[in-house]
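The chain contents come next:
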Amino acid sequence: MNASAIAHKSPRSNGHGAVAALAQLPPHSESAERALIGSVLLDPSVFPAISHVQPVYFFVERNGTIWQAIQYCAHEQIDIDYLTVVERLESQGQLADVGGSIYVGQLITDTPTAIHAESYAVTVVEKWYRRALDLLGGEIAQKARDEASNLDAFREQWLRYLSNPPQSIVRKTERVVHWAGEALQTQPPITWIVYQLFSAGSVSLLVGEGGSGKTWAMLDLAVSVANREPWLNLPTQPCTVLLIDEESGERRLARRLGDVMRAHDAPASTLIAYTCLGRFNLTTAADSLALKQMIESTGAQLVVLDALADVMLGGDENSVGDVMPVFQNLHKIADETQSAIIVLHHANKIGGYRGSSAILGAVDLMLSVEQDKDSGVITFTTTKTRDVAPFAFSAATNFGVDSFNLSPTAKPESKPHFSKSESYVLRYLESHGDSSIEDIKSNADACAPETARRALYALVDRKVVARIDSGGPGMAARYSLINGSPKPVQPVRP
């Protein structure tokens, strides 16, 4: 698609035909375009925040030409004002085409303030994108009628276009300032979908090794919730459940879900919806919106997403820049739909969660899953919680003929669980007292130095270890065990 075809010259018409012509015009806002340019000419300091706007985004051609002159001044580090922009237009032989210096001056006088410049930019880009979709629709119709066209190639083109809207559209947010007095008002209680685990509006992470039973466990949870049953003695709030499967595939998931439903005597009318291998990419606004719409259309209040790596296509789990957009989008979806979203994730080779240390801070609850291979018993441990004290519980796995369910077992000892790397950090601090992060990294004997660093930060988040120095520029951070912290396990030799 030719992006320049989306722009348009200023409409000029006479007589009654003007009304008909304007009725046929593609989406645009000439007033927002004028106000955007006027804002920059009034206050050039707003330009960096809206520098993503391109001349082609303007519907009225002369407005795009003026914006191009503004971009030139910014690039050449020339002060942006009425005179410099007019001089640039004149030097390029474009001043008369845009309506002369009088038109440029009108843009300033018609704009009372530059405070809404970012809002004008959002409107300009959104209208451009709508025009692009309108043009794309025409191309789709033409291709559909052309029997000789290559539909597969064209389908890939328009899917890429639809899934990557300009960031200036998707970042449109409202920031509301609250005052302390509001916190003294009666606050609504937490709505627990599963008591003390998964609450409405939350994002949780279920972490386990491959074969630990985490997918089976979440299917058992889903059927319990939808079938109005407690789950492993924990009360549930009956609701519709949505399963987003990006790993198993339709046949395997349907077979497993059927086995769990039979074990629970759940009827065919059970309110569980599922989609398989939809290739969601939650780093993008388009797919995040698609997920939100799917949740809203099904009415789901519990959403299970399997698995994290599969919904950040091309992203790096170890990169904060790749991980955080996924969780920011999920938190926004959870908040706007008031659903509890559970994301399944794989454990690393030393027992912790795989990927960036930012993942722990990004979730409301992290639940680790470990299965004893001999007994089949699954132990669940809350390794991070926001609203309740950490706890653990366990379940027996019951496989029958075309059936599966979990049943609660005796409560395991209430003791904190530490990964191998966390255990190393605890041992080191117990032996050496307060230490710097470099000391801890350089003496790592059970894990890599970088893994020891992440383990240290995780222990700080769990309030087992604390930073004890006063902080400040140039001061090396020092850490110590908090009084009453659990004793570390015995050393594990590499």
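Our subject is the structure listed above.
What counts, and where the lines are drawn
Residues numbered from 1 in each chain as written. Predicted model: local features only at pLDDT ≥ 70, side-chain atom pairs only at ≥ 80, totals over all residues. Heavy atoms only, no water. Salt bridge = Lys/Arg side-chain N within 4 Å of Asp/Glu carboxyl O. Helix = DSSP H or I, 4+ residues; strand = E, 2+ residues; numbered from the N terminus. Buried < 20%, exposed > 50% of the residue type's maximum accessible area, 1.4 Å probe, protein only. Pairing = 2+ DSSP bridges. Axes fitted to C-alpha atoms, helices over the stretch in contact; angles between N-to-C directions. 1 Å grid on protein atoms, 1.4 Å probe; cavity = no way out; pocket = protein on both sides within 12 Å on 5 of 7 lines; lining within 4 Å. Points joined across faces, edges and corners; volume = space filled by probe spheres on them. Nonpolar A, V, L, I, M, F, W, Y, C, P; charged D, E, K, R; others polar. Core = buried A, V, L, I, M, F, W, Y, C linked by side-chain atoms within 4.5 Å. Contact = heavy atoms within 4.5 Å.

A. Structural view of the pattern of salt bridges. Per the stated rule, a full pass over the model turns up 13 salt bridges. The partner of R462 in a salt bridge is E422, with the nearest N and O atoms 3.2 Å apart. Highlighted residues: R462 in the loop between α16 (449–461) and β13 (465–467) and E422 in helix α14 (residues 420–432), separated in sequence by 40 residues. Overall, the relative accessible area of 23% leaves R462 in the partly exposed class. Where R427 meets D445, a salt bridge forms, and the shortest distance between an N and an O atom there is 3.3 Å. Taken together, the residues R427 in helix α14 and D445 in the loop between α15 (437–442) and α16 connect sequence positions 18 residues apart. Each of K292, E296, K332 and E336 takes part in a single network of salt bridges with overlapping partners.

B. Just the environment of G321, in detail. One can find G321 in helix α12 (residues 320–337). On the basis of relative accessible area, G321 is assigned to the exposed category, the value being 52%.

C. The sheet that holds strand β11 (residues 403–408), seen in detail. As summarised here, the arrangement of the nine strands in space is β5-β4-β6-β7-β3-β8-β9-β10-β11, forming an open sheet in which the pairing is mixed. The two strands at the open ends of the sheet, each matched to only one other strand, are β5 (272–276) and β11. Neighbour-to-neighbour, the strand axes of the sheet open up by a mean angle of 20°, direction not taken into account. Here strand β3 (residues 203–208) pairs with strand β8 (residues 365–371) via five bridges, running parallel. Paired with L205 across the bridge in β8 is M366.

D. Region of interest: empty space enclosed by the protein. With the rule as written, the count across this model stands at three cavities of 30 Å³ or more. If you trace the largest cavity, you find 20 residues lining it, with G352, Y353, S419, E422 and A458 closest to the centre. For the lining of the largest cavity, the elements supplying multiple residues, two or more each, are β8, α14 and α16. With four residues, the single largest contributor to the lining of the largest cavity is α16. A per-class count over the lining of the largest cavity returns seven nonpolar, ten polar and three charged. By volume, the second largest cavity amounts to about 80 Å³. Around the second largest cavity sit T215, M218, L219, L243, I244, D245, S248, L253, V304, D306 and L344, which together line it. Taken together, the elements giving at least two residues each to the lining of the second largest cavity come down to α9 (214–226), β4 (240–245) and β6 (300–306).

E. Highlighting the nonpolar core. Formed by 44 residues in total, the largest nonpolar core has its most connected members in L197, W231 and F380. With nine residues, α9 is the largest single contributor of residues to this core. Those residues in contact with L197, other than ones at most four positions away along the chain, are W192, S204, W231, L234, L365, L367, T382, F391 and F393. Among the nonpolar cores identified, the runner-up in size contains 35 residues, and L36, I80, L89 and V98 belong to it.

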